[in-house]
Amino acid sequence: MGESAVPLASGPSDPSGSTGEALLSVRGLTKHFGTNVAVDDVSFDIARGGSLAIVGESGSGKTTIAKMVVGLLAPTSGTITTCGHDRSTPARGAAERRRRGAEVQIVFQDPYSSLDPRQSGASAIDEVLALHRGGSSADRALRVAELGDLVGLDDRQLRALPKALSGGQRQRVAIARALAAEPQLLILDESVAALDVSIQAQVLNLLADVRADTGVSYLLISHDLAVVRQITDDVIVMHRGVVVERGATRDVLDHPQAAYTRLLRASVPTPGWRPRRRSEWTDAPDLSDVSDVSAG
Amino acid sequence: MSLVELPTTAVPPARRRLAGRGLPLLRGTGLVGHLCAIVLLGALLVAVFGAAIAPHDPDLTNLSFAFVGRFQDHYLGFDSQGRDLLSRLLAGARTSILGPLVVVLLSMLFGTVLAIATAWKGGRFDTIVSAALDVLFAFPAIVLAIIASVVIEPGLKAASLALSVAYTPYIARVLRSAALRERSRDYIAALEVQGLRAWVICVRHLGRNMLPIIVAQGTILFGYAMVDLAAISFLGLGVQPPQADWGVMVATGQSGVLQGYPMESLCAGLCIVVVVIAVNLLGERLSDRSTLVTR
Amino acid sequence: MSAADGRLLDVASLAVQLPVGGELRTVLHDVSFHIGPGEALGLVGESGSGKSMTARAIARLLPAGAVTTGTISYAGGDVTALKGAALRSYRAEVAMVFQDPRAHINPVRRIGDFMTEALRTNHGVSKADAVARAIGLLAEVGIADGQRRLEQHPHELSGGLLQRVMIASALLTEPRLLLADEPTTALDVTTQADVMAILDDLRRERGMALLFITHDLELASAVCDRTAVMYAGQLVEQRTSSQLHDDPLHPYTAGLVGARPRIDGDVTRLAAIPGRPRSAYEAPAGCAFADRCEHVEDACGEARPPLEPIEDGFVRCRRATELRGMLRAGGRHG
Ligand SMILES: Nc1ncnc2c1ncn2[C@@H]1O[C@H](COP(=O)(O)OP(=O)(O)OP(=O)(O)O)[C@@H](O)[C@H]1O
Ligand SMILES: Nc1ncnc2c1ncn2[C@@H]1O[C@H](COP(=O)(O)OP(=O)(O)OP(=O)(O)O)[C@@H](O)[C@H]1O
Ligand SMILES: [Mg+2]
Ligand SMILES: [Mg+2]
């Protein structure tokens, strides 16, 4: 994929700027699947307590980045550093794995497959607590209740099996389980996309509260630009594996520069919006690479 | 008011009524499932206590009673050697049922471990192991049993071992797809991210969630193992006469069948058929239930 | 009722009950609306509110044992009474895009067979023609290599691709009425815009009527002439789309508007509606929204309010006139 013609707006997450105290630092991250280049030379930083969004169309490599950061997928090349520790190679040993788990956690999109169907929320959270902080089971039970409180789940809901919980409640369990390791960075891969509007608002408010309370950082992956604006400070826009624009979320959404970002922004339905086909976009100079998206 | 009638895939009412009732272990298997379980429980009790409750010595020969029918407290009469048939059936239950049980336990153990390991590791490990299992799959169980009875001495041990090995590729193949499906679920990834050891995740989560399928497969396999072991004994490669065993009895009863005294083969064969049918019906129901649960 | 009043589809007091565990359970309760040729009606609501059931009732695809009351008429004829050839010719004019494409496309047959079957058997189009048309429509929904896709099986396609195959195949038969059940949920916004543009053109050029189901109020307001909001199996409000957003009449509509984050303007704390969405059978006796409404009064719990006309729309709330204008401000607070 060629270079973007658009100058990359500089922002707090600009890798060329001084990194200062970066919590997560990603440099030249690349992932090939056979001949398919899913992620191509991506770099970004997240400051301690910061919140960064990755937006972009389906198949642009967002989930692949998340999986590499969290350690579920090995990068083809590039480095990933959290709190000064490299995590671009597989973890060696249980202690190393545990330390990585205490740095970065992830909440997935599908609330229906992200919980063990035969394990209650309380037991899932307890399992994580036992791994990361140990302590007596009474101590842990106390902490389970605290975490339940934090995400708005009562005792009965914590004790229920996933099948007895709604999508929103399951997603809260998943968030509580991720927070149980007391991570510095929480990756949210489309974590609110499957939720109903009213539940989504509850979870978004919850995420804002948790960040205010615990100082955790977010890496949010989303199609939904309104959600991105709601809970992130900075954003990078991806198209076909490359970053085409980056900057403060407000600036990028209000004054998109790259052709793809402008298309994305204009595709969001608002009152008075008239749907336009990609092919009708003749005013943008380099949209040749934006039409025809039919990746399987 | 109008009724809209259209085809549907709803559960038939009879099935639905029984679902959710019954013993926890057998829930959703219906009346038939429970009846089968009772039959199997009875068979298991006979297998354990059969020799003890046998009214006569199963190995005592008295050629003057050869092929004599029902006589006094010899309710089923005598076999070609003049041994009490009922006692031999009771005593023979042990090898006939415990043999397949051992086969099932061993092959389920090998198969499950291989299935989970290949599904977990993937990549080249998966390719190599799957290819090796495919080769093994090509050998009929009987051929393996012949080899085993040559290498080890002919007997139940050799036959069970051969069958366990022969069944392993099949079990591994069936369970691997289930393990792959479970492996691809996000909760497994979440546990990995937490930093849990792979084997802990496999035992505590992946394996446990496959348990219904494992149990269902094992039950179905039991029927096959029983018939195959009997066939091997029939060929003289399994349990050795004069020890009582249903498979052996079907074989030794042959001479009687030709002379018009079919009781020995018939009774032993009937025992095998009843247990196999019960096991298969139960296995099918457990398997139906496990696909419903995992969906 | 006749089609003379410019209505292609007219649904009046539709109620549906489904058998669950031996008893009938209400999933729709008093749903009424109409759609004219070339018109688009949006049907909005959260999970379990009965949107799909409404579409299925119109398409005559309810599960066996379902009890329907009320009337559904299409071009003046009673849909619930259709049988045999009449039902087939009705289905030839009414197409449906299903919410879950993977469950509604035969997994063992090729995409090409799935797409062209109706065209060839019901409309007598030759195979070559049908294939050419299918490829053309696939290209329109953004699938360029249609020829190759027609040879593939459903499992080889991603959810988004399959959803577009479903849309293209529904449009192939040039329906007069399209029932589109969340047709763009698996698509990203740029592809969604493509699909909406096609539906827009078909409405304008061929006068296709559209029932557009979505949980996205903004999308419905943007592309539909009128929008109906469902809650717990009932219509709670129906308005001209442009007004729904700016001047909601029902507290639930106002709640939905306030709960969505905004893509422009300042970020404020979202006014989340407490509790979770209800299905019809779980809803409280009086007003179905009473247990989550911030404007609730004792009287709201007593009787189920009727759907009452108000200016250009309908609303099901006792306090609608009284609260008029306050909801907009009240939608964003705290
Ligand atoms: N395990 C894999 N093997 C081969 N190709 C893969 C694999 N995972 C992802 N890809 C490919 O990599 C590309 C990026 O996929 P990715 O899942 O990261 O996209 P995404 O941006 O998260 O999309 P979406 O918004 O649809 O979730 C796609 O073309 C996809 O087909
Ligand atoms: N086959 C069925 N039998 C019994 N109840 C059903 C059946 N299908 C759906 N329901 C119930 O009917 C109600 C309405 O379902 P429907 O599918 O119409 O909701 P929806 O508005 O389309 O929701 P979603 O946004 O999740 O698609 C729900 O409470 C659901 O549980
Ligand atoms: Mg993704
Ligand atoms: Mg639906």
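In case you missed it, the structure is sitting above this.
On a predicted model such as this, the values are computed, not experimentally measured, just so you know.

Asker: Is there a simple way to explain the pairing of strand β3 (residues 40-44) of chain C in this structure?
Answerer: Side chains on a regular strand alternate between the two faces of the sheet. Residues and elements named next belong to chain C. By the criterion of burial, β3 is predominantly enclosed, with five of the five residues buried. Neither face of β3 is left uncovered, since the one carrying Ala40, Gly42 and Val44 and the one carrying Leu41 and Leu43 both have all their residues buried. Two elements, β3 and strand β8 (residues 209-214), share five bridges in a ladder whose sense is parallel. In the sheet register, Gly42 faces β8, and the bridge partner there is Phe212. As paired elements, β3 and strand β9 (residues 226-231) share four bridges and run parallel to each other. Within β9, the residue paired with Leu41 across the bridge is Arg226.

Asker: It is not clear to me how the pattern of salt bridges should be interpreted in this structure. Could you clarify?
Answerer: Two side chains with opposite charge may pair up if their charged atoms get near one another. Applying the stated criterion across every chain yields a total of 43 salt bridges over all chains. Here the salt bridges do not stand alone but share partners, grouping Glu237, Arg239, Asp247, Glu311, Asp312 and Arg324 of chain C into one network.

Asker: Could you clarify how one ought to interpret the sheet that holds strand β6 (residues 94-97) of chain C in this entry?
Answerer: The pairing of strands in a sheet happens through backbone hydrogen bonds and is either parallel or antiparallel. Residues and elements named next belong to chain C. On the basis of which strands lie adjacent, the open sheet formed by eight strands has the order β6-β7-β8-β3-β9-β10-β12-β11 and mixed pairing. Since the sheet does not close on itself, it has two edges, and those belong to β6 and β11 (308-310), each with one partner. Shown here is a sheet whose adjacent strand axes are inclined to one another by a mean of 20°, direction ignored. Sheet analysis places β9 next to strand β10 (residues 234-240), joined by six bridges and oriented antiparallel. Bridge assignment links Tyr231 to a residue of β10, and that residue is Gln234. Set on the sheet, helix α2 (residues 84-93) makes contact with β6 and β7 (177-181); between it and β6 the angle comes to about 60°.

Asker: I would appreciate a short explanation of the site of ligand 2 in the present structure.
Answerer: All names here are of chain C. Around ligand 2 there are 16 residues in total, and Ser47, Lys51, Ser52, Gln99 and Ser279 lie nearest to it. Side-chain polar atom of Ser52 to an oxygen atom of ligand 2: 2.6 Å apart, as the coordinates give it. Bound to the protein, ligand 2 loses 70% of the 640 Å² it would expose on its own. Those elements that place two or more of their residues in the shell around ligand 2 are β1 (9-20) and α1 (51-58).

Asker: I'm lost on the site of ligand 1 in this one. Help?
Answerer: All names here are of chain A. Every residue near ligand 1 is listed here: Phe33, Asn36, Ala38, Glu57, Ser58, Gly59, Ser60, Gly61, Lys62, Thr63, Thr64 and His223. Between ligand 1 and Thr63, the relevant distance is 2.6 Å, taken from an oxygen atom to a side-chain nitrogen or oxygen of the residue. Between ligand 1 and His223, the relevant distance is 3.1 Å, taken from an oxygen atom to a side-chain nitrogen or oxygen of the residue. Taken by itself ligand 1 offers 640 Å² of open surface, and the protein chains cover 61% of this. The set of elements that each furnish at least two residues to the shell around ligand 1 consists of β2 (36-47) and α1 (62-70). The greatest single-element share of the shell around ligand 1, amounting to three residues, is contributed by α1.

Asker: Explain the side chain of Arg319 of chain C to me, please; I cannot follow it from the model alone.
Answerer: All names here are of chain C. Within the fold, Arg319 resides in the loop between β12 (313-315) and α12 (320-323). Within the local environment of Arg319, its side chain forms a polar contact with the side chain of Glu297, the two groups lying 3.4 Å apart. The contact partners of Arg319, leaving out residues within four places of it in the chain, are His295 and Glu297.

Asker: I would appreciate a short explanation of the coordination of the magnesium ion (ligand 4) in the present structure.
Answerer: Within the protein, the magnesium ion (ligand 4) binds to Ser52 of chain C (OG) and Gln99 of chain C (OE1); these donor distances fall in the range 1.9 to 2.2 Å. With a gap of 47 residues between them, Ser52 of chain C in helix α1 and Gln99 of chain C in the loop between β6 and α3 (101-104) connect regions that are remote in the sequence.

Asker: Sorry if this is basic, but what is going on with the packing of helix α7 (residues 186-194) of chain B against helix α8 (residues 198-234) of chain B here?
Answerer: Between two packed helices, the angle of one axis relative to the other and the distance separating the axes together describe the packing. All names here are of chain B. Contact pair α7 / α8: the axes reach a minimum separation of 11 Å and the direction vectors enclose 175°. As judged from the angle between their axes, α7 and α8 are roughly antiparallel. Of the residues in α8, those touching α7 at Tyr187, Ile188, Leu191 and Glu192 are Ile201, His205, Leu206 and Asn209. Of the residues in the contact of α7 with α8, the class split is five nonpolar, two polar and one charged.

Rules behind the numbers
- All residue numbers refer to position in the chain's written sequence, counted from 1.
- Chains and ligands are labelled by the order in which they are written, letters from A for the one and numbers from 1 for the other.
- Given that this is a predicted model, residues contribute local features only at a pLDDT of at least 70 and side-chain atom pairs are listed and counted only at 80 or more, while totals for whole chains, interfaces and linings are drawn from all residues.
- Neither water nor hydrogens contribute to the side-chain values; these are computed over all heavy atoms in the structure.
- Residue burial is assigned from relative accessible area. The probe radius is 1.4 Å, only protein chains are included, and a residue is buried under 20% of its type maximum, exposed over 50%, and partly exposed in between.
- Numbering of helices and strands runs from the N terminus; a helix is a DSSP stretch of H or I covering at least four residues, while a strand is a stretch of E covering at least two.
- Being paired, for any two strands, means DSSP has found at least two bridges between them.
- Criterion for a salt bridge: a side-chain nitrogen of Lys or Arg within 4 Å of a carboxyl oxygen of Asp or Glu.
- Geometry is summarised by axes, namely lines fitted to C-alpha atoms with helices restricted to the contacting stretch, and by angles between N-to-C directions that run from 0 to 180 degrees.
- Residue contacts are defined here by distance: any two heavy atoms, one from each residue, within 4.5 Å place the two residues in contact.
- Definition of nearness: a residue and a molecule or strand are near each other if at least one heavy atom of the residue lies within 4 Å of the molecule or strand.
- Think of a polar contact as two N or O atoms within 3.5 Å of one another; within protein, one of them needs to be a possible hydrogen donor and the other a possible acceptor, and neighboring residues in sequence only count if both atoms come from side chains.
- Shrake-Rupley sampling with a 1.4 Å probe provides the accessible areas, and residues are treated as covered by the protein chains on show and by no other component.
- Here the coordinating atoms are restricted to nitrogen, oxygen and sulfur within 2.8 Å of the metal centre, or 3.2 Å for Na, K and Ca, and because water is not among them the sites may look incomplete.
- Here the angle decides the label: under 35 degrees means roughly parallel, over 145 means roughly antiparallel, 65 to 115 means roughly perpendicular, and every other value means oblique.
- Gly is put with the polar residues, along with every residue not named as nonpolar or charged; the nonpolar set is Ala, Val, Leu, Ile, Met, Phe, Trp, Tyr, Cys and Pro, and the charged set is Asp, Glu, Lys and Arg.

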